Structure formats: C-alpha cells, structure tokens
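# An overview of the molecular structure
Here are the chains, one letter per residue:
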Amino acid sequence: MTIAEKLQKIKTDLPDYVTLVAVSKTKPSSDILEAYQTGHRIFGENKIQEMVGKYEELPKDIQWHMIGHIQRNKVKYMAPFVSLIHAVDSLRLLKEINKQALKNNRIISCLLQIKIASEETKFGLTETEVSKLLASEEFKSFQNIKVEGLMGMATFTSDKNQLQKEFGLLKNIFDNLCQLKTENCELKTLSMGMSDDYPIALENGSNMIRVGSSIFGKRACSINLKPTT
Ligand SMILES: *Cc1c(COP(=O)(O)O)cnc(C)c1O
C-alpha cells in the first residue's frame, strides 16, 4: 500500500472525535506531501530543527505538532508556527514557551506529559506534580500558553494487560484533573497511542493518536553510534 492508502485506511476506521497526528519524523518532505495530498494536515515531529526545516519547505497550512522531548534553548525556533507541543514536563519549560509565545504575539497550545511507562528512560510528570504545577501562582501568570490536555507513552511491550493498565492510569488522571478550568488551562485532549498500541489507547479513552510507522513505513534504526573510548 502507498502512504496515501495506509493513511486513508487508518482514518476511515477512526471514530470522528479522534485526531490523527501523522508522525513524519526522519521521513522526507516528499512523503509528507503525499500524505498532504489526501487532505491530511496534522503532522508530528520529534526534533525541533527537523520540524523547522520541513515547515520552511512545505505548505503553510500544515499544523505542526512537536511530540518529542524539548530542550528549552530550542523553543524559540518553533515558537512562530508550532500548533501543539505534546511533551511538556516542567514549569521551567512552560515558562520558556510562554516567553517565546509572547515574543511572537501568539498563544501556544501545550499538553503535559505524564509518566505512565515502567521504563526509566521515558519522561513525564506524576499526577501529584501536575496538580501542583497547575495550582501554582507562577503557572496562572502565563498568559501566552494554553494547556489543553495530557500526553503519555506506554511501555514498549506487547503485553496487552500492561498497556491497558498504563493507558487506564492516564485516563484516570485526565478525568481527575479535567474539571479544573482556568484562563490558561482546559483539559480536552488526551494524546495516547502509537502504531502498535493505538487500538488499546482508544479503548481507554484516547482522543488523539500519534501514528508514524503504520503510515510512512519503518524508520531507519536510530542507534546512537557514539565512539566507545
Ligand atoms: C515516534 C513517535 C511516535 C510514533 O511511533 P510509531 O510507532 O512509528 O507509530 C509517537 N509518539 C512519539 C512521542 C514518538 O516519538
């Protein structure tokens, strides 16, 4: 199947209330254009420089989602155009996003990343940390961001029970926090599920999925080839 066919197949099977982010990281702009020509507009990248490069090359009505871990000193490069930042995991990062959004005269939408996986390598906040963050005076002073939801990544496993448990936990946190509504916070989006686990994420209340390899094909393995000195 072509990229266009795979994308359309996934979309037809999704309920209306689910937003599909087509994750195009490491893939060439020509692949993104093929997906774009089907009418799809939402693409996800995990490296800021790569996303900026593609933004410059591609049609300007694409909505770019930053789904990767973010270094604060790079926020400025995406602040003029990014549509949603998924993996915000600290007040310091929110402060920088707010600052760069203000400079660009924008309000930038963000999701807070919750740690649900058992792997040490995955980032994110606990429920207690999120509650504290959202209740803080400093957070309430940020006028150029809008926290619109939560995001999580499950453990890399084929164990269905564990995936159920992790997505269920995130949905639970989402439900606990979603009554909370302030000027710059209203939780509506629950971003969970990738190529291998999105059906389980949808069963557990996801309304935004991030799908890469099932649309664009396998990515080249990105092992860090550091010299072993
Ligand atoms: C790469 C990536 C995805 C997509 O992964 P696939 O398994 O290719 O669908 C989703 N979310 C995040 C945060 C990613 O980095």
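The following paragraphs examine the structure supplied in this document. (Residues numbered from 1 in each chain as written. Predicted model: local features only at pLDDT ≥ 70, side-chain atom pairs only at ≥ 80, totals over all residues. Heavy atoms only, no water.)

### A look at unusual backbone geometry
The general pattern is negative phi for most residues beyond glycine and trans for most peptide bonds. We note that Thr 26 has phi near 70°; this positive angle belongs to a residue other than glycine. Tracing the backbone shows Thr 26 in the loop between β1 (19-23) and α2 (29-36). Positive phi is not limited to glycine here, since Asn 105 has a value of about 55°. As for its placement among the helices and strands, Asn 105 is situated in the loop between α5 (91-103) and β5 (108-115). (Helix = DSSP H or I, 4+ residues; strand = E, 2+ residues; numbered from the N terminus.)

### Some points on the pattern of salt bridges
Two side chains of opposite charge can pair, provided their charged atoms sit close to one another. Tallied over the entire structure, the rule returns nine salt bridges. Glu 50 serves as the salt-bridge partner of Lys 54, at 2.8 Å between the closest nitrogen and oxygen. With a gap of four residues between them, Lys 54 and Glu 50 both fall in helix α3 (residues 48-57), about one helical turn apart. Assessed through its relative accessible area of 6%, Lys 54 is described here as buried. Judged by its relative accessible area of 24%, Glu 50 is partly exposed. In this structure, the salt-bridge partner of Lys 140 is Glu 137, at a minimum N-O distance of 3.9 Å. One end of the pair, Lys 140, and the other, Glu 137, are both in helix α7 (residues 137-140), three residues apart, so they sit about a helical turn from each other. For Lys 140, a relative accessible area of 41% gives the class partly exposed. For Glu 137, a relative accessible area of 61% translates into the label exposed. (Salt bridge = Lys/Arg side-chain N within 4 Å of Asp/Glu carboxyl O. Buried < 20%, exposed > 50% of the residue type's maximum accessible area, 1.4 Å probe, protein only.)

### Here we look at the site of the ligand
Near the ligand you find Val 23, Lys 25, Ile 67, Met 151, Met 153, Met 194, Ser 195, Arg 210, Val 211, Gly 212, Ser 213 and Arg 219, and these make up its full shell. Take Lys 25: an N or O atom from its side chain is 2.6 Å from an oxygen atom of the ligand. In this structure, an oxygen atom belonging to the ligand sits 2.8 Å away from a main-chain N or O atom of Gly 212. If the ligand stood free it would expose 390 Å²; the protein chains cover 92% of that surface. Among the secondary structure elements, those contributing two or more residues to the shell around the ligand are β6 (145-153) and β9 (208-211). Its residues assigned to classes, the shell around the ligand comprises six nonpolar, three polar and three charged. (Near = heavy atom within 4 Å. Polar contact = N/O pair within 3.5 Å; in protein donor to acceptor, adjacent residues only side chain to side chain. Areas by Shrake-Rupley, 256 points an atom, 1.4 Å probe, with all protein chains shown as cover. Nonpolar A, V, L, I, M, F, W, Y, C, P; charged D, E, K, R; others polar.)

### As for the side chain of Ser 191
Following the sequence through the fold, Ser 191 ends up in strand β8 (residues 185-191). One polar contact links Ser 191 to Arg 210, side chain to side chain, over a distance of 2.8 Å. The residues touching Ser 191, leaving out its near neighbours within four places in the chain, are His 86, Leu 111, Leu 150, Met 151, Gly 152, Met 208 and Arg 210. (Contact = heavy atoms within 4.5 Å.)

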